[in-house]
Amino acid sequence: MKRGSITIYLSLVLISILLLVSIIIESARMNVVQTECRAFTHLASDSVLAGYARQVYEDYGILLVWEEKTLKEQLMEYIQANIEMADLKITGTNIMATKIRDIKVRQVQYVADNGGEMFIEQILSYMKYAATTKAVNKLIGLYSKNDNYQEKSDTTEDMINVEENSEISKIVDDINDEVSNLKEGNIKNQLKTKKKRTKFLKKLKKIIKKIESYQRKREDFFKENKGTYGADYMDLNLKILEQIKNKIEEEELIDSSKTEEKWKNIGEELQKKIQELNVNISTEEDQKNKGIYESAKELLEKGILSMVIDETSDISSSSIDDSNLPSKKEIKKDSLSYGLTDKAKIILYAGMKFGNYCNIKNKTDLKYEMEYIIAGKDNDRSNLTDVVKQMTAFRNVAALMYIVTDKEKMTELSTIATSAATAIGIPFLEPVIKAVLVESWALAEAVYDVKILMSGKKIDMVKNKGNWKTNLRNFNNKNVKGSTKKSALNYQQFCYLLMMKEKISKIALRMMDVIQINIKKNYNQAFCINQCFTGFDIETFYQTKPLFASMPWTINTFGEQIGDYNFSVVCEKEY
C-alpha cells in the first residue's frame, strides 16, 4: 500500500513536471516562431524592394519596383520560401509548423500617386549630392527677377487685325483737298460781297460737316476694334474752321452793311487763321514708312519657329503615343507643397537627365525632352514651337521694357507712325500704328535673342543700348552673335526659367512620361511606370499548430485539443 502511494505520487509529480516543461518549451517555441515570422515578413519585403527596376536606377538614379506580379503575390512567394527553408532540404521535424494565412496590403506608395510625390522625394534625395547650393540659388534668383512675363496679349491681336477703312480714307482725302484749296485761295476776295460770303460760308460748313462725319466714323471704328483714340489734326482743323465761320456770322449779325475795306481787314485776320489749318499730303517718305508698318504687321502675324530656325526641315518629327502616360492619368489628389528650393532642385535634375534642342540625348524617342516637360505635346515639333513661343514672349517683355525708356527710339517710332498714318490716309490710326511698331520691334529683338539661344550661344538677360541688335528698317538681323559675359544665359537655362513657372506636379509627371517612353524603347516594351512603387505598408497573418502543447499529458490535463495559434506581423518599407 505504501509503495502504491509512492508510485502515484511520483506519477503526479512527473506529469506536473512534463506539463510545466511542455508549457515552457511551447512558450519558447512560440517566441521563436513569431520572431522568425517577423524576420520572414521583413526579409520578403526587402526582397521585393531588391527587385527594383535596375535600368531606371542606372539611367535616372530613381529606385522603384515595377509591379509585374501583384505585391501580395510576390510577398507570398518569398515568405513561403522562407518558411519552407527554400532549397535547404533539411530532414526531420519542423518545429515551426507554421503557414501564412493571408496578407493584407494596407497601403502602396505608387510613384505616380498624388502628383508624383514619391518620385519628387526620390529626386530630392538624389539631388542632395548632385546639385550645389550655388546652382540652386542662382536659378531661384533668376526666376524671382523674371517671373512677370506673359504671352502676346489680346490688345496686340486687336492691333494686328485692324483693317484700313477705304471709306474713311476717301473722306480724309476730300477734306485735305478742300482745306488745301481753302489755304491756296484769297479769302479777302471771297468776303467782298454778301453773295460771296454766303458762298464761302457754305463751303466752310461743307468741310465742317465732313470732319464731323469723319469723327463719327472714327468713334465707330474704335468701338468695333475695341480700341481707344486721342485727338488728331482733324480735330484742330474743325476748331479753326468753326472759329472762322463763327467770326463771319457774328460780323454779319452786328452790321451786314460793313464797307468793303472793313471786310478786307476781317479777311486778312481770317487768312492767318486759315494758314493754321493742317493738310497731310502723302510723300515718298510716308510711303516708305507705311511699308515699315506693313512689315511690322507681317512680323506679328508670322510663325515664330520659321523666324528662329533657318532650316525647319531639320526639326525632329518624332511623336509618341500618350494614352498610358502618368501625366494623362487623372490626379485624384494634388496636395503637394514644395518651396522654390525644392522646385529648383527638381528642374536642375531635369537638366542633368533629359535632353533638349541644343543637347539631344541618344536612344530617346522624343529628341526634345525638356521641351516636352514644359509643353506636354505628343510630338517634338509642337513642343519646340511652344517653347520657342514662350521664350520669345519672355524676351519680348525685356525688349518692351527697354524700348519705352529709350527716348530716341520712342521719338523715331512716333515719327514713323505719323508718317505711315498719313500715307494710309487715316490720321487716327497713328496711336495704333505706333503700338504695332513698338510691339513688332520688341518682337523682332526677342526673336533675334531666341535665334542666338537656339544656335547654342548665350544672351544677356537685361536689354540695353549696347546689346540691342535690330532696327525698324531691318527686322531680320542675320548676324547671330552671342554674349560672352559670365552672367549670360544659354538655351537650357532659359528652359529652366520656363519650367519654374509650371506646377511641380506637372513637371514630375511629365518627367515620368519621358522615363517610361525611354525604358520601353531601350529595355522593356511592357514597362509601365504607373505600376511602379517605392514603398508599402502590409500586415501578414500567420497560423501555427501547437506542438508541445499537443502532447498527451497536456491534452489529458486540460481535457481538450488546443486550437491553432494565430498572430500577425505589421511591416512598413520604403526606399
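Here, every reference points to the structure presented above.
Treat the numbers as computed from the prediction; the structure is a model and nothing was measured.

Rules used throughout
- Residues numbered from 1 in each chain as written.
- Predicted model: local features only at pLDDT ≥ 70, side-chain atom pairs only at ≥ 80, totals over all residues.
- Heavy atoms only, no water.
- Patch = residues over 30% accessible without salt bridge, like charges linked within 9 Å, V, L, I, M, F, W, Y side chains within 5 Å.
- Areas by Shrake-Rupley, 256 points an atom, 1.4 Å probe, with all protein chains shown as cover.
- Salt bridge = Lys/Arg side-chain N within 4 Å of Asp/Glu carboxyl O.
- Lys, Arg positive; Asp, Glu negative; His and termini not counted.
- Charge placed at Lys NZ, Arg CZ, Asp CG, Glu CD.
- Helix = DSSP H or I, 4+ residues; strand = E, 2+ residues; numbered from the N terminus.
- Buried < 20%, exposed > 50% of the residue type's maximum accessible area, 1.4 Å probe, protein only.
- Axes fitted to C-alpha atoms, helices over the stretch in contact; angles between N-to-C directions.
- Parallel < 35°, antiparallel > 145°, perpendicular 65-115°, else oblique.
- Contact = heavy atoms within 4.5 Å.
- Nonpolar A, V, L, I, M, F, W, Y, C, P; charged D, E, K, R; others polar.
- Core = buried A, V, L, I, M, F, W, Y, C linked by side-chain atoms within 4.5 Å.
- Phe/Tyr/Trp six-rings, centres within 6.5 Å; stacked < 30°, edge-to-face > 60°.
- Disulfide = S-S within 2.5 Å.
- Polar contact = N/O pair within 3.5 Å; in protein donor to acceptor, adjacent residues only side chain to side chain.
- Left-handed = near helix turned anticlockwise from the far one by under 90°.
- Expected span 1.5 Å × (residues − 1).
- Arc of directions from axis to C-beta.

A few words on a positive patch on the surface. Where like charges cluster on the molecular surface, the positive patch consists of K192, K195, K196, K199, K203 and K264. If one sorts the elements of the positive patch by residue count, helix α9 (residues 194-224) sits on top with 4 residues. Relative accessible area serves as the criterion here: at 37%, K264 is assigned to the partly exposed category.

The interhelical angle for the contact between helix α4 (residues 113-130) and helix α14 (residues 340-353), taken along N-to-C directions, is 80°, at an axis separation of 9 Å. Between α4 and α14, the crossing angle belongs to the class labelled roughly perpendicular. For the pair α4 and α14, the contacting residues are I120, I123, L124, Y126, M127 and A130 in the first and D342, K345, I346, L348, Y349, M352 and K353 in the second. Grouping the constituent residues of the contact of α4 with α14 by class yields 10 nonpolar, no polar and 3 charged.

Moving on, we come to the environment of F567. Mapped onto the secondary structure, F567 falls in strand β4 (residues 565-574). Every residue in contact with F567, bar those within four places of it in the chain, is listed here: M30, V33, Q34, C37, T540, F541, Y542 and T544.

To continue, consider unusual backbone geometry. You will see that N114, though not glycine, has its phi angle at about 55°, which is positive. Given the relative accessible area of 16%, N114 is considered buried. One non-glycine residue, K363, adopts positive backbone phi at about 55°. Relative to the elements of secondary structure, K363 occurs in the loop between α14 and α15 (369-375). On the accessibility criterion, K363 (63% relative accessible area) is exposed.

Among the nonpolar cores identified, the biggest contains 135 residues, and F354 and M511 are the most heavily contacted of them. Top contributing element to this core by residue count: helix α18 (residues 430-454), with 15 residues. Ignoring anything within four residues of it in the chain, the contact list for M511 reads F119, I123, I346, Y349, A350, F354, I373 and M499. Counting residues in hydrophobic clusters, the runner-up holds 23 residues, among them F40, M96, I100 and V108.

The relative placement of two aromatic rings is captured by the distance of their centres and the angle of their planes. Applying the stated criterion across every chain, the model contains 15 aromatic pairs. Pairing Y357 with Y491 gives two aromatic rings, centres 6.2 Å apart and planes at 55°, and the pair type is tilted. One end of the pair, Y357, is in the loop between α14 and α15; the other, Y491, is in helix α19 (residues 491-500), with 134 residues separating them in the sequence. For Y357, a relative accessible area of 22% puts it in the partly exposed group. Note on Y542 and F567: the rings are 5.7 Å apart at their centroids and 20° apart in plane angle, and the pair reads as stacked. Of this pair, Y542 sits in strand β3 (residues 532-544) while F567 sits in strand β4; the two residues are 25 residues apart in sequence, bridging distant segments of the chain. A relative accessible area of 11% means that F567 is categorised as buried. One aromatic cluster in this structure is built from Y60, Y126, Y349 and F354.

Attention now goes to the state of the cysteines. In this structure the tally under the stated criterion is 0 disulfides. Cysteine C528 is unpaired, with the sulfur of C532 as its nearest cysteine sulfur at 7.2 Å. You can call C528 buried: its relative accessible area is 8%. C532 gets classed as buried once you look at its relative accessible area, which sits at 0%.

Another point: the pattern of salt bridges. Pairs may arise between side chains of opposite charge once their charged atoms sit close together. With the rule as written, the count across this model stands at 24 salt bridges. Across the pair R218 and D235 runs a salt bridge, and its minimum N-O distance is 2.8 Å. Separated by 17 residues along the polypeptide, R218 in helix α9 and D235 in helix α10 (residues 233-254) bring together distant segments of the chain. A residue is classified by how much of its surface remains accessible, and R218, at 5% relative accessible area, is buried. Here K247 ties to E251 by a salt bridge, and the two come within 3.2 Å at their closest N and O atoms. With K247 and E251 both in helix α10 and 4 residues apart, the pair spans about one turn of that helix.

Time to look at the environment of Q493. Here Q493 shows up in helix α19. We classify Q493 as buried; its relative accessible area is 18%. Expressed as a C-alpha distance, the spacing of Q493 and K458, which sit 35 residues apart in the sequence, is 9.7 Å. If sequence neighbours within four positions are ignored, Q493 has contacts with K138 and A488. Of note is the side chain of Q493, whose polar atom sits 2.8 Å from the backbone nitrogen of N490.

Counting through the fold element by element, K451 comes out in helix α18. The contacts of K451, once residues within four sequence positions are left out, are M307, V308, D310, N476 and V480.

In helix packing, the relevant descriptors are the interaxial angle and the interaxial distance, both defined with respect to the helix axes. Two numbers describe how helix α12 (residues 284-301) lies on α18: the axes approach to 9 Å, and their chain directions differ by 55°. In terms of their interaxial angle, α12 and α18 are classed as oblique. Every pair of crossing elements has a handedness; the one defined by α12 and α18 is left-handed. Facing I292, Y293, A296, K297, L299 and L300 of α12, the residues of α18 in contact are I433, V436, L437, E439, S440, L443 and A444. Considering only residue class, the contact of α12 with α18 consists of 10 nonpolar, 1 polar and 2 charged.

Glancing now at the side chain of N356. Here N356 shows up in the loop between α14 and α15. Given the relative accessible area of 1%, N356 is considered buried. Looking at N356, its side chain comes within polar contact range of the side chain of Q492, at 2.9 Å. If we skip the residues at most four places from it in the chain, N356 touches K367, Y368, M370, E371, Y491 and Q492.

A few words now on helix α5 (residues 133-145). For α5, spanning 13 residues, the distance from its first C-alpha to its last is 18 Å, which sits close to the expected 18 Å at 1.5 Å a residue. Burial in α5 covers these residues: V136, L139, I140, L142 and Y143. Looking straight down α5, one finds its buried side chains confined to an arc of 160°; they lie on one side. In α5, the exposed positions that point more than 90 degrees away from the buried face belong to T133, K134 and K145. On the buried face of α5, the contacting elements are α14 and α19.

Such coordinate-based values are descriptive only and should not be taken to indicate function.
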